[in-house]
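Letter by letter, the chains look like this.
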Amino acid sequence: MGGSMEAPAAATFTLAYLVMAFCFIFPPCEFHLAGLTVQNLLGNWLGSEDVAFVHYHLRRGTGTLLAHAALPLGYYFGMCFAAPEKQLSTISEASELWKTFFVGALLLLILAVTFAFLWSRDGWSRHPLVQNLSCYALAPHGTWQTVASSIDTEFRRIDKFATGPPGGRLIVTDSWVIKVTTYSFHVAPQRDIQMSVIASRQQEILPEAGMPAQFLTIRVASVNPHVKPFDIRLNSSEYRELQDKLRAPIRNAANVVIHQTLSDLFLETFISLVEKNPPYLVPSDQELDLCIGCMQSPANVKLLKNCDEPDEGICQLCFCYPMWCLLCMGKWFASQQDQQHPETWLSSHVPCPTCRAKFCILDVCFLE
């Protein structure tokens, strides 16, 4: 009976620890609000990002590496209390599998501590990121500290462009393009780089906004052969703001159609949702005219009540014959929305542009 109770305790601890470790490595909003992040736990040692941006991130990346490397060893010590029957507190009495795990976890932490010690010596001058900064030090008297001071000064200015989550922030100042990652950061001067859009990914619904989003992947390549190129990820709605902060234009190497407004993003999602609706069979004796909205494309949609609402619901029957193309119908739908609350657009109801009968996206049908 005792063994059957101890096994679930170990399994429960393992599952809980895995979830906590995952959230600690990739902290959600709840962890940030609760202060359960490396930045908050090591705040006194890290100092202020606004005062010394470069040194702050040298310490933050190193501290994050140490904290994450300690997680396997923390799990082992936790299991000493969660599963005392395994006798893990006495290494010589533990099973071979647990001995191997302990040695591996200990070596991982020792390796991380060794790297942290070597990097921090001589005022962080041996850190790999410092070597990157040294590439931009102007001869004969320039040093990486001079470059760091320039970055620190420009970061304190309020007109910088900054976006992205903590594990992948993009910061653009007057002279520098910086990408902050979990363990480090990439930096390159604007005068030496070429930026190119290399890919695009459409996300139908952005969880925090309840709206579609387009994310661009932009390659930042330096003319300096010693600096490796890096990629940044950007919401297309912020593309124009990024362009305004850069000295040189961004090349569209992949010929991506960039949706810079909320309406552009909505139209693409609107069209994809309408394609899933059942089509409307046009009577053989009915003639179709050009769309009365643009007078260029043939009318190709009909409003037909398809939603599951009862008769007294919001959606109403529309008796208009097909007079609109899908693109114009989508623009009409977007124009009727509350611009301050885009999260409601996809679920809203708008009047037919001709007869004013209420309809939703489920009621828009392609002609067949």
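Residues numbered from 1 in each chain as written. Predicted model: local features only at pLDDT ≥ 70, side-chain atom pairs only at ≥ 80, totals over all residues. Heavy atoms only, no water.

Caption draft 1: Just the overall build of the protein chain, in detail. When its secondary structure is counted, the protein chain shows 12 helices and 11 strands. Taken over the C-alpha trace, the protein chain has a radius of gyration of 29 Å; the compact-globule value for 368 residues is 21 Å, which it surpasses by more than 25%. The long-range fraction of contacts in the protein chain, counting pairs at least 24 apart against all pairs at least 6 apart in sequence, stands at 59%. Accessible area of the protein chain: about 20,100 Å², with a carbon and sulfur share of 60%. (Helix = DSSP H or I, 4+ residues; strand = E, 2+ residues; numbered from the N terminus. Rg over C-alpha atoms; globule rule 2.2 N^0.38 Å. Contact = heavy atoms within 4.5 Å. Areas by Shrake-Rupley, 256 points an atom, 1.4 Å probe, with all protein chains shown as cover.)

Caption draft 2: Layout of the layout of surface pockets. Its volume calculated, the largest pocket comes out at about 390 Å³. Taken together, 18 residues line the largest pocket, and the ones lying closest to its centre are Ile25, Phe26, Pro27, Pro166 and Gly167. Its residues assigned to classes, the lining of the largest pocket shows nine nonpolar, eight polar and one charged. Of the domains in this structure, domain 1 (6–121) and domain 2 (153–259) are the two that each give at least three residues to the lining of the largest pocket. (1 Å grid on protein atoms, 1.4 Å probe; cavity = no way out; pocket = protein on both sides within 12 Å on 5 of 7 lines; lining within 4 Å. Points joined across faces, edges and corners; volume = space filled by probe spheres on them. Nonpolar A, V, L, I, M, F, W, Y, C, P; charged D, E, K, R; others polar. Domains from an automatic or database assignment.)

Caption draft 3: Molecular detail of a nonpolar patch on the surface. Taken together, the side chains of Val103, Leu106, Leu107 and Ile110 present a nonpolar region at the surface, about 330 Å² in accessible area. By secondary structure assignment, the location of Ile110 is in helix α7 (residues 96–124). For Ile110, a relative accessible area of 44% gives the class partly exposed. (Patch = residues over 30% accessible without salt bridge, like charges linked within 9 Å, V, L, I, M, F, W, Y side chains within 5 Å. Salt bridge = Lys/Arg side-chain N within 4 Å of Asp/Glu carboxyl O. Buried < 20%, exposed > 50% of the residue type's maximum accessible area, 1.4 Å probe, protein only.)

Caption draft 4: The UniProt feature "transmembrane region" (unreviewed entry) in the protein chain, seen in detail. Mapped onto the present numbering, the UniProt feature "transmembrane region" (unreviewed entry) falls at residues 7–27 and 97–119. Here residues 97–119 runs as 100% helix and 0% strand, with 33 Å between its end C-alpha atoms. (UniProt positions renumbered as here; feature names shortened; annotations may be inferred.)

Caption draft 5: Region of the structure containing the pattern of salt bridges. Inspection of every chain in the model, using the stated rule, returns eight salt bridges. Taking the shortest distance from any N to any O, the salt bridge between Asp192 and Arg191 comes out at 3.8 Å. Asp231 is the partner of Arg219 in a salt bridge, and the nearest nitrogen-oxygen pair spans 2.2 Å. A residue pair is termed long-range when its members are at least 10 positions apart, and Arg219 in strand β6 (residues 211–222) and Asp231 in strand β7 (residues 230–235) qualify at 12 residues. Linked through salt bridges whose partners overlap, the residues forming this network are Arg157, Asp159, Asp174 and Lys245.

Caption draft 6: A look at the packing of aromatic side chains. The tally for this structure, following the rule as stated, stands at 16 aromatic pairs. Look at Phe22 and Phe26: their rings are 5.1 Å apart centre to centre, the planes differ by 50°, and that puts the pair in the tilted class. The class for Phe22 is exposed, based on a relative accessible area of 52%. An angle of 45° between the planes, with centres 5.5 Å apart, marks the rings of Phe270 and Phe333 as tilted. Here Phe270, found in helix α11 (residues 262–274), pairs with Phe333, found in helix α12 (residues 326–335); they are 63 residues apart in sequence, far enough to count as distant. Judged by relative accessible area, Phe333 falls into the buried class, the value being 0%. Connected via pairs of aromatic rings, a cluster forms that spans Phe13, Tyr17, Tyr75, Tyr76, Phe77, Trp98, Phe101 and Phe102. Over the face of the ring belonging to Phe155 we find Lys160, whose NZ or CZ atom lies 4.6 Å from the ring centre. When the ring centre of Tyr280 is taken as reference, the NZ or CZ atom of Lys302 above it lies at 5.7 Å. (Phe/Tyr/Trp six-rings, centres within 6.5 Å; stacked < 30°, edge-to-face > 60°. Lys NZ or Arg CZ within 6 Å of the ring centre and 35° of its normal.)

Caption draft 7: Spatial organisation of the domain arrangement of the protein chain. According to the domain assignment, the protein chain contains domain 1 (6–121), domain 2 (153–259) and domain 3 (263–366). If you average the C-alpha positions of domain 1 and of domain 2, the two centres end up 31 Å apart. Counting residues at the interface gives 12 residues for domain 1, matched by 12 residues for domain 2. Buried surface at the junction of domain 1 and domain 2, summed over both partners, amounts to about 1,000 Å²; 63% is from carbon and sulfur atoms. Contact with domain 2 buries surface across domain 1, with Asp50, Phe53 and Arg60 losing the most and accounting together for 42% of the total. The interface formed by domain 1 and domain 2 contains one salt bridge. Glu49 is the partner of Arg169 in a salt bridge, and the nearest nitrogen-oxygen pair spans 2.8 Å. (Buried area = accessible area lost by both parts, 1.4 Å probe.)

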